[in-house]
Structures are given as structure tokens and as C-alpha cells.
Amino acid sequence: MIGLTDIEKRFGDNLVLKGVTVTIEEGSVTALVGPSGGGKSTLLRCINLLEIPTSGTVRIGDDALEFHPGGKVPGRAIQRLRLQTGMVFQNFQLFPHRTAIENVMEGLVTVLKWPTARARERALALLEKVGMAHKADAWPATLSGGQQQRVAIARALAPSPKVLLCDEPTSALDPELAQEVVDVLGQLASEGTTMVMATHDLRLASKIAQEVVFLDAGSVVEKGPAAVLFSNPERRRTKQFIATLK
Ligand code: ADP
Ligand code: MG
């Protein structure tokens, strides 16, 4: 249902993604793992088109966009595809001058033009889902990192995206606070939320991911079921990398 086909991304002379092909099943969780600088964040950003691929095809459901070097894809088409994704960042990136609930409402009101009352109702339901309804009117700066990330997850889910993209969602958090976020993501996964998540957190990945993609130096080295890839990887580079996480 989500397909990346032969995605290349070039920054100047630097070919950062070297033809990445990945298929993500609806309702599944895919973990992107691999060494720092391997292209995980860039790949996530190519799915929601925060980065425009140099070439390749991005498909989300029935919507597909094909990219060519020097080609021009209309902003409207990019916006339409992007709206089918939600993104959670390592450092939460909440709007500091908006309360928790206003953060969750923001996209619904400004992009989707929902009436405020309806947006507020949905935002509150989402805050409840992530265990943050009691902090609806709190400012981000007064929340712990784990709480901020839970609000950020609610915000990402607000427009009912087809896929939730998470870029190292627990790596800025102490273990205890990371656990809150792991629990919320685990709950979403069990409810059938489609997710793609870059992570170094083996606890997170092995708890909720069915599929693992090992990305190194811009190429997929190995991919497969989490149970197999974590315990019995085929490739030497994968083995070495998994050993560093344990
Ligand atoms: P990872 O998330 O796996 O650590 P990244 O996707 O962040 O890897 O980075 C992959 C490579 O792309 C790195 O060499 C990084 O320096 C480069 N890169 C990422 N974003 C940019 C950018 N906006 N401009 C130039 N180079 C970038
Ligand atoms: Mg990264």
C-alpha cells in the first residue's frame, strides 16, 4: 500500500539514497535501522516529500508520484500526498506558543479548514488516546519530553494519515520517558496504524515492528521479518550493526 520504488536522493555531489525500494503493508510497522548517516531520515523525508526524491516513485495508497532529475512535480500533488502522512520527529517540534491541544488542532484548522469546534473535539479525543487529555491546555515547555512526544504523536495523527512516520521518536528521551512513548506507539500498532520508524531503540523495534529494513550508506543491505533480522541476520554488515545495539 506504500511503495517506494528505486528512490534516489542526491544532495549536490552526494548520492545519499542509491535506489531504495521498499514496500510497506497496510497495518504493519516497519523499522528502519542502520548506522548514522545511512539515509534513514532522508528516506522518511522522501516519503512525506519534505525532501523531493531526485528520482523514483513514491506511492501511498492510490496516489503515486514519479520523480525525475530536473523534472517538476506540481506543489499541489506534493501537498496532497504529504497530507496522507503524519511525521513524528526526534525533538518533538511542537509549536512553543501553542498549547498542547492547539498543537493538535493546528493542521486541521489551518490546512484542512475544519471549524474550530470540530477540530478541538478531534484533538481532545487524540490527546485522550495518548494519555494527555489532562494536559490539553498546558504549554509545551511545561511538559516532560515523553509528554511532548505524545502530544506530537496526537498532532501527527490528527488528519488521519495513511502512514505515521517516526524519526527516532525515543532517542531524545531518558529510558523511563522513552517507555511512555514506546507504550503509545505499541498501542497504535496493535490498533493497526501503519508506521515506518527510524530507530536505534531495539526495545522499540522488536516490540512493535513486523518488518525491518537495514539501510547502510544509502542502500538496503537486508530486509525481512523483525524476528529473523534481529536474531539471525544473513549479511555480515547487518550482524555487526545489530550487535552494536544490544
Ligand atoms: P540517518 O538518518 O540514517 O543518520 P540521514 O538521512 O540524516 O541519515 O543522512 C544521510 C546523509 O545525507 C548524510 O551524509 C547527511 O550528511 C546527508 N544529508 C542529509 N540531509 C542533507 C541536506 N539537507 N543537505 C545535504 N546533505 C544532507
Ligand atoms: Mg536520522
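Residues numbered from 1 in each chain as written. Chains lettered and ligands numbered in written order. Predicted model: local features only at pLDDT ≥ 70, side-chain atom pairs only at ≥ 80, totals over all residues.

1. Examining the overall build of the protein
A tally of regular secondary structure across the protein gives 9 helices and 10 strands. Against the 2.2 N^0.38 benchmark of 18 Å for 246 residues, the protein shows a C-alpha radius of gyration of 18 Å, consistent with a compact globule. Projected onto its principal axes, the C-alpha positions of the protein cover 50 × 45 × 30 Å. Each of the 246 residues in the protein was classed as buried or not, and the buried ones make up 43%. A sequence separation of at least 24 residues applies to 61% of the contacts in the protein between residues at least 6 apart. (Helix = DSSP H or I, 4+ residues; strand = E, 2+ residues; numbered from the N terminus. Rg over C-alpha atoms; globule rule 2.2 N^0.38 Å. Buried ≥ 20, exposed ≤ 12 C-beta atoms within 10 Å, placed from the backbone. Contact = placed C-beta atoms within 7 Å.)

2. Describing the nonpolar core
Leu32, Val104, Leu127, Ala154, Val196 and Val212 are the most contacted members of the largest nonpolar core, which has 68 residues in total. At 7 residues, the largest contribution of residues to this core is made by helix α6 (residues 175-190). Residues in contact with Val196, not counting those within four places in the same chain, are Ile24, Thr30, Leu32, Leu44, Ile47, Val163 and Leu165. (Core = buried A, V, L, I, M, F, W, Y, C linked by C-beta atoms within 7 Å.)

3. Concerning the packing of helix α3 (residues 100-110) against helix α5 (residues 145-157)
One way to put it is that α3 packs onto α5 with a least axis distance of 8 Å and a crossing angle of 25°. In terms of axis orientation, α3 runs roughly parallel to α5. You can see that α3 and α5 cross each other, and the crossing is right-handed. On α5, the residues that touch Ala100, Asn103 and Val104 of α3 are Val151, Ala154 and Arg155. (Axes fitted to C-alpha atoms, helices over the stretch in contact; angles between N-to-C directions. Parallel < 35°, antiparallel > 145°, perpendicular 65-115°, else oblique. Left-handed = near helix turned anticlockwise from the far one by under 90°.)

4. Description of unusual backbone geometry
Phi at Ser160 takes a positive value of approximately 50°, unusual for a residue other than glycine. Counting through the fold element by element, Ser160 comes out in the loop between α5 and β7 (163-167). We note that Ala217 has phi near 50°; this positive angle belongs to a residue other than glycine. The class of Ala217 is partly exposed, set by 15 C-beta atoms lying within 10 Å.

5. A closer look at the site of ligand 1
Close contacts around ligand 1 come from Phe11, Asn14, Val16, Gly34, Ser36, Gly37, Gly38, Gly39, Lys40, Ser41, Thr42 and Ala198, and that covers them all. Elements that contribute at least two residues to the shell around ligand 1 include exactly β2 (14-24) and α1 (40-47). In terms of residues, the shell around ligand 1 owes the most to one element, α1, which gives 3 residues. Partitioned by chemical class, the residues of the shell around ligand 1 number 3 nonpolar, 8 polar and 1 charged. (Near = placed C-beta within 6 Å. Nonpolar A, V, L, I, M, F, W, Y, C, P; charged D, E, K, R; others polar.)

6. What to know about the sheet that holds strand β5 (residues 63-67)
Across the sheet, which stays open at both edges, the 4 strands sit in the order β2-β1-β4-β5 with antiparallel pairing between neighbours. Each edge of the open sheet carries a strand with a single partner, namely β2 and β5. With strand direction ignored, the average angle separating the axes of adjacent strands in the sheet is 15°. With 5 bridges connecting them, strand β4 (residues 55-60) and β5 associate as antiparallel partners. For Thr57, the partnering residue across the bridge sits in β5 and is Glu66. Strand contacts of helix α2 (residues 75-82): β4 and β5, with the helix running at about 130° to β5, the strand carrying the most contacts. (Pairing = 2+ DSSP bridges.)

7. A look at the environment of Val220
Tracing the backbone shows Val220 in strand β10 (residues 219-225). Under the C-beta neighbour-count criterion, Val220 is labelled buried, with 20 such atoms within 10 Å. For the pair Val220 and Gly34, spaced 186 residues apart in sequence, the C-alpha separation works out to 9.4 Å. Excluding its chain neighbours within four sequence positions, the residues that come into contact with Val220 are Val20, Val22, Val213, Phe214 and Leu215.

8. Remarks on the sheet that holds strand β3 (residues 29-33)
Strand pairing within a sheet occurs via backbone hydrogen bonds; the two strands may be parallel or antiparallel. Ordered by their spatial adjacency, 6 strands build an open sheet running β6-β7-β8-β3-β9-β10, and the pairing between neighbours is mixed. The open sheet has two free edges, formed respectively by β6 (85-88) and β10, since each of these has just one partner strand. The sheet shows a mean angle of 15° between the axes of neighbouring strands, taken without regard to direction. Pairing analysis gives 4 bridges linking β6 to β7, with the strands arranged parallel. Considered in β7, the bridge of Gly86 is made with Leu164. Contacts from α5 reach β6 and β7, with the element oriented near 165° to β6.

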